[in-house]
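Results of the structural survey
Listed here are the chains, written in short residue letters.
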Amino acid sequence: MSKMNPMDLPLNWQIVRFQEVVKFTKKPKDLRYSEYSEVPFVPMNLIPIATLFSDKFTLRPTNALSSGTYFEPGDILLAKITPSFENGKQSIIEDLPTPFGIATTEVIPIREVEGVSDRVYLFYYLLSPDVRALLTARMKGTTGRLRLGAETLADLEFPLPPLAEQRRIVAKLEVLFAQLDAAVDNLKKAQVQLQRYRQSLLKAAFEGELTSKEKEVHLDSWESIKLSEFITLESGSRPKGGVRNILEGVPSLGGEHLNSDGGFNFEKIRYVPEKYFESLNKGQINLNDIIIVKDGATTGKTSFVDNYFPYNEAAVNEHLFIVRIDPKVAFPKFMFYYLYSSKGQEQILSDFRGATVGGISRNFPLKVTVPIPSLTEQEQIVFELERHLSVADEIEATLDAELKRAERLRQSILKQAFSGKLVPQDPNDEPASILLEKIRDEKEYQQPKRKKTTTKRKTPTSTDQLSLPLD
């Protein structure tokens, strides 16, 4: 077992400043973009999250470039603005049709120092959770526009192993992460299959297959009724003056609080004043209400207010509809499952109007036709659905837990890698201290000589010091 220094690192490692092991890529002074008709351009949306290599870029005419960050093939493009930095947006772009590329101004392009650092080792170090947290705390700017400065990155402490060990660490990381990525991919595929299974259950339920073996004969007793004939529809409203970001009062739900599984997410809940809630005559949530997003990117998303809803009183904002079911015609939970199903969603979204930020109107219930069996059979369908879906929910919880475990394992592997515990040390490796001495000596050798001055010298006195030009 290797001996550790006071920093709990192997003895042949060194703690250095990041600027000693990387180069911050700068545009050459003599380069003229006008010499090229078009150049590769990398906007922020083409920089992937925690992806080692990327080949994504667009070609832009140089006369259309108003701003950008110069980079060269093989550079690590590190996003520097929130939330892209915190999300881990960074990648290496190697193959370009020109000797350079232009990226968004919100990146820092860096590369390794030959003979001292390995660029893939640098890449993974910048993804280490501890490093991300440290740099995030040092970002500067206004709320929502925080940025990581190059000088802050340059001053970062960096654990430098011998170059040979860096490469062994990278090789080990690639093996472990390949195995981990394969496992995560399988878990995500299982999630997709599980969602398909849920939808197949819902389809079967509303085709009578869960409650009867004689499907065609059985469905003759079902009625097809327009949703508009047995519901009341309410829409939330915006508080007067836009007041809804207070810390207490009545919870006000928006589209961001509806989960894809039909439940609710109460993180970052907003509130409206109690006096405002008391004056509302619409938008108040009751038990057994169906909540539907009416506009934006999640239009049609549907949730159900059941006994697990944690608030005695709550409201919806102007982006949600409340659907209330006539219990003489349908069980509210039965109707929720229909509107949540792919068939129900398809009918709801048939009323969608406008561009991406468009939505559905109050007339959407006219577009939805519901197959209605007897109340007794509706109750049976709900029972059978929830019996099967509860098993799917347990599997989903297991998959979620395994995905979180995989992410914790990834972070643990990175922590071991940068503390000298992932691969064994080799006493034959050239210590990092010698590598640094060589590069520092080379830098000193390459320093330009100071020009000799022709200023007339004066005879030094006892209090004067003779200043000589450096050779």
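Being a predicted model, the structure only gives us computed values, none of them experimental.

**Structural notes on the overall build of the protein**
A count of helical and extended segments in the protein gives 10 helices and 19 strands. For the protein, the residues scored as buried account for 45% of the 471 residues in total. A fraction of 79% describes how many contacts in the protein between residues 6 or more apart in sequence connect residues 24 or more apart. Approximately 26,800 Å² of the protein is accessible, and the part contributed by carbon and sulfur atoms is 51%.

**Observations regarding the pairing of strand β6 (residues 76-79)**
Across the two faces of β6 the burial is the same, with Ile76 and Leu78 and Leu77 and Ala79 all buried. One ladder, built from three bridges, connects β6 with strand β7 (residues 90-92); its direction is antiparallel. For Ile76, the partnering residue across the bridge sits in β7 and is Ile92. In this sheet, strand β9 (residues 107-112) lies alongside β6 in antiparallel orientation, the contact comprising four bridges. By the bridge assignment for β9, Leu78 is matched with Ile108.

**Comments concerning the nonpolar core**
Counting 52 residues, the largest nonpolar core has Phe18, Val21, Tyr124, Leu153, Phe158 and Leu173 as its most contacted members. Taken together, the elements giving at least two residues each to this core come down to β6, β9, α1 (119-127), α2 (129-137), β10 (157-160), α4 (163-205), α9 (375-417) and α10 (432-446). When sequence neighbours within four positions are dropped, the list of residues in contact with Phe18 reads Ile110, Leu122, Tyr125, Leu126, Leu153, Ala154, Leu156 and Phe158. If you look at the next biggest cluster of nonpolar residues, it comprises 34 residues, including Ile325, Phe336, Ile372 and Leu389.

**Comments concerning the confidence of the model for the protein**
Per-residue pLDDT for the protein averages 87, and the proportion of residues at 70 or more is 87%. Counted against residues more than four places away or in other chains, residues 455-471, with its pLDDT under 50, gives four contacts.

**Brief notes about helix α7 (residues 332-340)**
The buried count for α7 comes to eight of nine residues, which makes it a mostly enclosed element. Along α7, the residues classified as buried are Pro332, Phe334, Met335, Phe336, Tyr337, Tyr338, Leu339 and Tyr340.

What counts as what
Residues numbered from 1 in each chain as written. Predicted model: local features only at pLDDT ≥ 70, side-chain atom pairs only at ≥ 80, totals over all residues. Heavy atoms only, no water. Helix = DSSP H or I, 4+ residues; strand = E, 2+ residues; numbered from the N terminus. Buried < 20%, exposed > 50% of the residue type's maximum accessible area, 1.4 Å probe, protein only. Contact = heavy atoms within 4.5 Å. Areas by Shrake-Rupley, 256 points an atom, 1.4 Å probe, with all protein chains shown as cover. Pairing = 2+ DSSP bridges. Core = buried A, V, L, I, M, F, W, Y, C linked by side-chain atoms within 4.5 Å. pLDDT = per-residue confidence, 0-100.

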